[in-house]
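# Structural overview for review
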There are 2 protein chains.
Amino acid sequence: MRIGQLAQLVGVETQTIRFYEQQGLLPPPDRQDNGYRVYTEKHGEGLAFIRRCRMLGLSLAEIHELQSYQDDPHQPCTAVNALLDDHISHVRSQITALQALEKQLVSLRASCNDDREVEACGVLAGISEGNMHQQ
Amino acid sequence: MRIGQLAQLVGVETQTIRFYEQQGLLPPPDRQDNGYRVYTEKHGEGLAFIRRCRMLGLSLAEIHELQSYQDDPHQPCTAVNALLDDHISHVRSQITALQALEKQLVSLRASCNDDREVEACGVLAGISEGNMHQQ
DNA sequence: TTAAAACTATAAAGCTACTATAAGGTCAAT
DNA sequence: ATTGACCTTATAGTAGCTTTATAGTTTTAA
């Protein structure tokens, strides 16, 4: 399988595949005489794993860590679970922060309507006055 | 006022101030004979405005847009309100996406405990099997 | 058969919003 | 005279790709 076929199979761009290889997330495949990369089914699975981790919001570094666990399959999997727990709490704190932000934005928006001039805009005034309680 | 004082006043690093100037968000200040930047109160207000916008999650491009409205104070402020509305809906969709992600992560986490080997880890198996409904 | 289209390769730059580092000039105090 | 705190510019690094440039290869259509 050449890079274009693998890309289509998994639903990524060819450059992304080369990028993952360069980052050490995907093992370097064999090459044809012309230098073209030749991929196996294993590569397909590896790439799909990476993509699913990315969809879960894991960083490339975290994916790398998970791969290192996979390479040593007889350890206890506590580290895997811990990584996920950390990620979950990270996601939760993002949600909390965004909810607070939304509240702030909505109240700022409520301070203006569309019938004013920029000079009297409640939104701009609200930002400029800066009665913003951090975080 | 020199750059260090302004930085301390507003609570940013001096490099950040130079960066904003370079990006066209902060007007270039006068210079002393030795080349040091000299800031006025106006600069302080401008910088504070930028920082408050950043705390609200606005991008530098959006801030630039707001500044362009400020420069023309007798337009109606519909564009300002529209910018904020767009930003609010952006934040809301981020929240929704993160909540869906959290659910997915929590259910993945529930598929394993710490008493297994990596080989049998429910989390890794869950990612590899890839029963993930996109988005 | 040849020419265009489609694919592959590498290397380097661009994106966002800074942060950090390097190498050096200026100024006040000791 | 030198230490330390401040200022200057220029450049590189961060994350995770995407884009661009330049060039070689293979496939397809005329």
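Check the entry above for the structure.
To start, this report covers the structure provided alongside it. Every residue gets a number counted from 1 within its own chain, in the order that chain's sequence is written. As a convention, the first chain written is A and the first ligand written is 1, with the rest following in written order. The model is predicted, so local features are restricted to residues of pLDDT at least 70 and side-chain atom pairs to those at 80 or more, both for listing and for counting; the totals for chains, interfaces and linings are taken over all residues. Derived side-chain values reflect all non-hydrogen atoms in the structure, with water molecules and hydrogen atoms excluded from consideration.

### Regarding the interface of chain A and chain B
Note the cut-off: Contacts were defined at the residue level, with two residues in contact if any of their heavy atoms lie within 4.5 Å. Summed over both partners, the accessible surface that disappears when two parts come together, traced with a 1.4 Å probe, is what is meant by buried area. A carboxyl oxygen of Asp or Glu within 4 Å of a side-chain nitrogen of Lys or Arg is what we treat as a salt bridge. Secondary structure elements are taken from DSSP: a helix is a run of H or I of four residues or more, a strand is a run of E of two residues or more, and numbering for both begins at the N terminus. All amino acids are sorted into three groups, where Ala, Val, Leu, Ile, Met, Phe, Trp, Tyr, Cys and Pro are nonpolar, Asp, Glu, Lys and Arg are charged, and the leftover types, Gly among them, are polar.
Counting residues at the interface gives 50 residues for chain A, matched by 50 residues for chain B. Both sides together, the interface formed by chain A and chain B hides about 4,800 Å², and carbon and sulfur atoms give 71% of it. When the buried surface of chain A facing chain B is broken down by residue, A:Leu56, A:Leu105 and A:Val118 rank first, second and third, together holding 13% of it. On the surface where chain A and chain B come into contact, there are four salt bridges. At the level of secondary structure, the elements contributing two or more residues to the side of chain A that touches chain B comprise helix 3 (41–55), helix 4 (60–70), helix 5 (78–109) and helix 6 (122–129) of chain A. Here the side of chain A that touches chain B is built from residues that sort into 26 nonpolar, 13 polar and 11 charged.

### Comments concerning the protein's contact with DNA strand D
Quick note on the threshold: Distances are taken per atom, and a residue is near a molecule or strand as soon as one of its heavy atoms is within 4 Å of it. Nitrogen and oxygen atoms within 3.5 Å of one another constitute a polar contact, given that in protein one can donate a hydrogen and the other can accept it, and given that sequence-neighbouring residues count only through two side-chain atoms.
Neighbouring DNA strand D are 18 residues, the closest being A:Gln15, A:Asn34, A:Arg54, B:Gly4 and B:Arg18. Contact between DNA strand D and B:Arg37: a phosphate oxygen at 2.8 Å from a main-chain N or O atom of the residue. Within the residue set of the surface near DNA strand D, elements represented by two or more residues are helix 2 (14–22) and helix 3 of chain A together with helix 1 (3–10) of chain B. It is helix 2 of chain A that provides the largest number of residues to the surface near DNA strand D, a total of four residues. Here the residues of the surface near DNA strand D sort into six nonpolar, six polar and six charged.

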